[in-house]
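Take a look at the letters that make up each chain.
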Amino acid sequence: MKRCVFSWVFGALLTLASPLYAGTSTTATDPLCADAQLWSGKLITDICWSCLFPIRAAGASLGGGNVPSIATDQKFCFCTDPMGIPELGMTMGLWNPARLIEIVRNPWCSPALGEHKFSASNVRLIATTGKADFDASEMSFFNYHYFAFPLTIMLDLFWDGRCNSDGYRDFDLLYVSELDPTWNNDLLAFFTSPETALFANPVAISACVADAAAAATGNPLDALFWCAGAWGHMYPLSGISPTSYGTDPRITSLLATRATAALHRRGLAWKTSGNESLCGGSIYPFIPKSQYRLSMFYPVAETESNHVIGETTFKWGAGHTFPGPGEDHLYLLWRWQDCCVGL
C-alpha cells in the first residue's frame, strides 16, 4: 500500500514539475559543478524508453532490439522458494536501467543531486583533490560517483523478486571515487588488479582492434575483458586517461566502464545474465561487457538509443559535450537481466 501511494505521489510530482522546468533556463549556475536536473521532467523525457526492448518471455521476444550473446537459451526454469521447495517458472529477460554513473571534474560535486557537494571541504579527501597532476594536453583525470538507479522498480513499471538480483529498490549512492586511493594512482590500482601486467604488451593491446570492430556492430567481445573497444584500454582500473584517447565522451565512457570493471573485480558488481543467473545474480570478477549498455543522460541525452561498451563515438557521441557545465557527464547503465518468473 505504501509503495502504491509513493508511486502515485511521485508520478504527480513529475507531472507538476514538467511545465515548471519547461519555462526555466537549463543553464547551470556553477560552471564547475553542473545541475543535471535529474529529478525533474527529464526523468521521463530524457530516458530511452524503447531501450527496454526486447523483452523475452519463455524464449519469445517482444519488440525489437539486441539480445546479448550471453543471455539464457532456456524457456522454462526451476528455482527453490524460501522453504527450499523447487518452483517451476518461465525465463524472462530484459534491459533494465540499473545504475547511474556520473563522471565529474571536481571532487564531491554531484550533478545528479542538483549541484550538491557531498563535502564542504577537501580536508578528509583520501584519493585526490581533483587538481591536475599532469599537463592538461597529456593526461586527464575525473572522479566518479556510482548510484543504484532501478528506474523500472522506482516507477512500478516492472517488479518481480527474482528479477531484482541485487535487491536495490531505490536511488542509492553506492560508491565514490574520492575515498578510493587506487582511483588516482596507477600503482595502487595495479596491486588491486595485478592481471594488469599480463595485458601491458603490444600483443594484448593489438587484440583490442578486434574488440573495437565487434563493438561497432553492437557485439563487444567478452573474452577480451581487458579492452574497451574504440574507447581504449581497460587497465589500469584508475581515473587517469591520456587525452589522446579522443573526445570527452570517449574518455568519460571509458572511465565509467573502468569504474564498473573495478567493482566487478572487487565483488561489488554481479553478473545478471545467462543460465546461471536465472535464480539470482552471481559474483563475477571480470566485467561481462555484453551484459551492459550505456546511454548519456547529461549534458545531451540519448533518447532514441543506447550503445554498447566500446562503440565508437563517431556513431553516437557527436555534439554530446560543451565547455563549462557540459564537461561533467552522466551515464545511465543498462543491464541485461535474466530471471525465472514463477508460474
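Higher on the page you've got the structure.
What comes next is a walk through the structure. (Residues numbered from 1 in each chain as written. Predicted model: local features only at pLDDT ≥ 70, side-chain atom pairs only at ≥ 80, totals over all residues. Heavy atoms only, no water.)

## Brief notes about the pattern of salt bridges
And step 1. Taken as a whole, this structure holds nine salt bridges when the rule is applied.
And step 2. For Asp180, the salt bridge goes to Arg266, with nearest N and O atoms at 3.0 Å. With Asp180 in the loop between β9 (172-176) and α4 (186-192) and Arg266 in the loop between α8 (248-265) and β11 (270-271), this residue pair connects regions lying 86 residues apart in the sequence.
And step 3. Its relative accessible area of 29% is what places Arg266 among the partly exposed residues.
And step 4. Residue Lys271 pairs with Glu276 through a salt bridge whose shortest N-O separation is 2.6 Å.
And step 5. Residues joined by salt bridges that share partners form a network here, namely Arg99, Asp166 and Arg335. (Salt bridge = Lys/Arg side-chain N within 4 Å of Asp/Glu carboxyl O. Helix = DSSP H or I, 4+ residues; strand = E, 2+ residues; numbered from the N terminus. Buried < 20%, exposed > 50% of the residue type's maximum accessible area, 1.4 Å probe, protein only.)

## Section: the side chain of Glu102
And step 1. Inspection of the secondary structure puts Glu102 in strand β4 (residues 86-104).
And step 2. Despite its burial, Glu102 pairs with no opposite charge; the closest candidate is Arg105, at 11 Å N-O.
And step 3. At 2.9 Å, the side chain of Glu102 forms a polar contact with the side chain of Ser110.
And step 4. Engagement of the side chain of Glu102 in a polar contact is seen with the backbone nitrogen of Ala112, the distance being 3.0 Å.
And step 5. Excluding its chain neighbours within four sequence positions, the residues that come into contact with Glu102 are Cys109, Ser110, Pro111, Ala112, Asn143, Tyr144, His145, Phe147, His329 and Leu330. (Lys, Arg positive; Asp, Glu negative; His and termini not counted. Polar contact = N/O pair within 3.5 Å; in protein donor to acceptor, adjacent residues only side chain to side chain. Contact = heavy atoms within 4.5 Å.)

## Brief notes about the pairing of strand β15 (residues 329-342)
And step 1. β15 sits mainly inside the fold: 13 of its 14 residues count as buried.
And step 2. Pairing between strand β13 (residues 292-298) and β15: six bridges, direction antiparallel. Pairing of Met296 across the sheet is with Tyr331, part of β15. (Pairing = 2+ DSSP bridges.)

## Details of helix α7 (residues 208-216)
And step 1. Of all the residues in α7, the buried ones are Cys208, Asp211, Ala214 and Ala215. The buried side chains of α7 occupy one side of the element, clustering within an arc of 115° when seen end-on.
And step 2. Contacts made by the buried residues of α7 are with α6 (202-206) and β14 (307-308).
And step 3. A positive backbone phi angle near 90° is found at Gly218, which sits one or two residues after α7. (Arc of directions from axis to C-beta.)

## Some details on unusual backbone geometry
And step 1. A cis geometry characterises the amide bond from Phe53 onward to Pro54, with omega recorded as 5°.
And step 2. In this structure, Pro54 sits in the loop between α2 (42-45) and β1 (55-57).
And step 3. We note that Ala58 has phi near 55°; this positive angle belongs to a residue other than glycine.
And step 4. Relative to the helices and strands, Ala58 is located in the loop between β1 and β2 (60-62).
And step 5. Here Ala58 falls in the partly exposed class, since its relative accessible area comes to 23%.
And step 6. Phi is positive for Glu115, which is not a glycine, with a value near 70°.
And step 7. Here Glu115 lies in the loop between β5 (109-110) and β6 (116-117).

## A few points about the state of the cysteines
And step 1. Summed over the entire model, instances satisfying the criterion amount to six disulfides.
And step 2. Across the disulfide from Cys33 sits Cys109; the S-S distance is 2.1 Å. On the S-S bond that ties Cys33 to Cys109, the torsion sits near 100°, and the link is right-handed. Residue Cys33 is located in the loop between α1 (2-22) and α2, and its partner Cys109 is located in strand β5; the two are separated by 76 residues in the primary sequence.
And step 3. Accessibility expressed as a relative area gives 1% for Cys33, which makes it buried.
And step 4. Residue class for Cys109 comes out buried when judged on its relative accessible area of 0%.
And step 5. Across a sulfur-sulfur distance of 2.1 Å, Cys208 and Cys227 are joined as a disulfide pair. The disulfide joining Cys208 to Cys227 has a torsion of about -80° about its S-S bond and is therefore left-handed. (Disulfide = S-S within 2.5 Å.)

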